[in-house]
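Residue-level structural notes
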Amino acid sequence: MARMMGSWLSGPSAALPKDQTEAQAYRGELLGLPADGPGSLATTGRRIGALVIDWFMSAGVVMLFMQQAPWDSYVSTYTLGLWFVVGLVCVTLFSFTPGQYAMGLQVARVDGPVPVGFVRALARQALIVFIAPAVITDVDGRGMHDRATGTALVRTR
């Protein structure tokens, strides 16, 4: 029982690959990303900022077209739907959402310099809707939705 409990109580070092014994020098080192500047992993603050921008933009568009207050019945459901569609379309076509663009971020595949694509963008958005995969992070600070889809949110500037 102690061995089983120790695997998740051991902290971030328990998430290291089996052949690695010490922690990486910086987030993203295992992925071959730079320590800082363009191409480095996005910080939590930038990720949250991009999400807030995207959410309020979606909510504003929904309230504009529905002409209802934010506390009215279906505004939050339509906001989630629009946020999902905007994220899916924008990440598929441009590799960033409007909020990510404003914060200087981009979704990139970790297996090569190729576009994210529709299937990965769809899976990524679907996982983000459930919130938990985005909140639970690995040793690099990538959300489980990024890890599951083989993507990373990196800085562009």
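By the naming in an unreviewed UniProt entry, the chain goes by RDD family protein and is assigned to Rhodococcus parequi. Under the UniProt heading Subcellular location (unreviewed entry), the entry covering the chain gives this text: "Cell membrane".

If you tally the helices and strands in the chain, you get 7 helices and 2 strands. Shown N-terminal to C-terminal, the secondary structure of the chain runs as helices and strands in the order α-α-α-α-β-α-α-α-β. Per-residue burial over the chain gives 31% buried out of 157 residues. Across the chain, every contact between residues at least 6 apart in sequence was considered, and the portion connecting residues at least 24 apart equals 62%.

Now for the pairing of strand β2 (residues 151-155). Counting buried positions over the 5 residues of β2 gives 4, a clear majority of the element. Relative to β2, strand β1 (residues 105-109) is paired through 5 bridges, and the arrangement is antiparallel. Each bridged residue has a counterpart across the sheet, and for Q106 the counterpart in β2 is V154.

Looking now at the packing of helix α3 (residues 75-94) against helix α5 (residues 118-129). Two elements in contact, α3 and α5, have axes whose closest approach is 9 Å; the angle formed by their N-to-C orientations is 150 degrees. Considering the angle they form, α3 stands roughly antiparallel to α5. For the pair α3 and α5, the sense of crossing is right-handed. Residues L80, W83, F84, G87, L88, V91 and T92 of α3 lie in contact with α5, whose contacting residues are F118, A121, L122, Q125, A126, I128 and V129. Among the residues making up the contact of α3 with α5, the classes are represented as 11 nonpolar, 3 polar and no charged.

With that out of the way, let us pick up the confidence of the model for the chain. Taken over all residues, the pLDDT of the chain has a mean of 84, while the share at 70 or more is 85%. Looking over the chain, one finds the lowest element-wise mean pLDDT in helix α1 (residues 2-9), namely 52, and the highest in helix α4 (residues 98-102), namely 96.

Once that is clear, we can look at the packing of helix α2 (residues 44-66) against α3. Contact geometry for α2 and α3: axes closest at 8 Å, N-to-C directions at 125 degrees. In terms of axis orientation, α2 runs oblique to α3. In this structure, α2 crosses over α3, and the sense of that crossing is right-handed. Taken together, the residues of α3 that come into contact with α2 (itself represented by L51, D54, W55, M57, S58, A59, V61, V62, M63 and M66) are V75, S76, Y78, T79, L80, L82, W83 and V86. In the contact of α2 with α3, the residues fall into 14 nonpolar, 3 polar and 1 charged.

Moving on, we come to the UniProt feature "transmembrane region" (unreviewed entry) in the chain. Taking the numbering used here, the UniProt-annotated feature "transmembrane region" (unreviewed entry) corresponds to residues 47-66 and 78-97. Along residues 47-66 one finds 100% helix and 0% strand; the C-alpha atoms at either end are 28 Å apart. Here residues 78-97 runs as 85% helix and 0% strand, with 18 Å between its end C-alpha atoms.

Attention now moves to α2. With 23 residues, α2 ought to run about 33 Å at 1.5 Å a step, and its terminal C-alpha atoms sit 33 Å apart, in line with that. Turning to α2, its buried residues are R47, G49, A50, D54, S58, A59 and V62. Looking at the buried side of α2, the elements it contacts are α3, α4, β1, α7 (144-149) and β2. Phi for Q67, located one or two positions after α2, is positive at around 50 degrees.

Glancing now at the side chain of T97. As for its position among the elements, T97 is in the loop between α3 and α4. Its relative accessible area of 5% is what places T97 among the buried residues. Side chain to side chain, T97 and D54 meet in a polar contact 2.5 Å long. Leaving out residues up to four positions away in the same chain, T97 has contacts with D54, G87, C90 and V91.

Conventions adopted
Residues numbered from 1 in each chain as written. Predicted model: local features only at pLDDT ≥ 70, side-chain atom pairs only at ≥ 80, totals over all residues. Heavy atoms only, no water. UniProt positions renumbered as here; feature names shortened; annotations may be inferred. Helix = DSSP H or I, 4+ residues; strand = E, 2+ residues; numbered from the N terminus. Buried < 20%, exposed > 50% of the residue type's maximum accessible area, 1.4 Å probe, protein only. Contact = heavy atoms within 4.5 Å. Pairing = 2+ DSSP bridges. Axes fitted to C-alpha atoms, helices over the stretch in contact; angles between N-to-C directions. Parallel < 35°, antiparallel > 145°, perpendicular 65-115°, else oblique. Left-handed = near helix turned anticlockwise from the far one by under 90°. Nonpolar A, V, L, I, M, F, W, Y, C, P; charged D, E, K, R; others polar. pLDDT = per-residue confidence, 0-100. Expected span 1.5 Å × (residues − 1). Polar contact = N/O pair within 3.5 Å; in protein donor to acceptor, adjacent residues only side chain to side chain.

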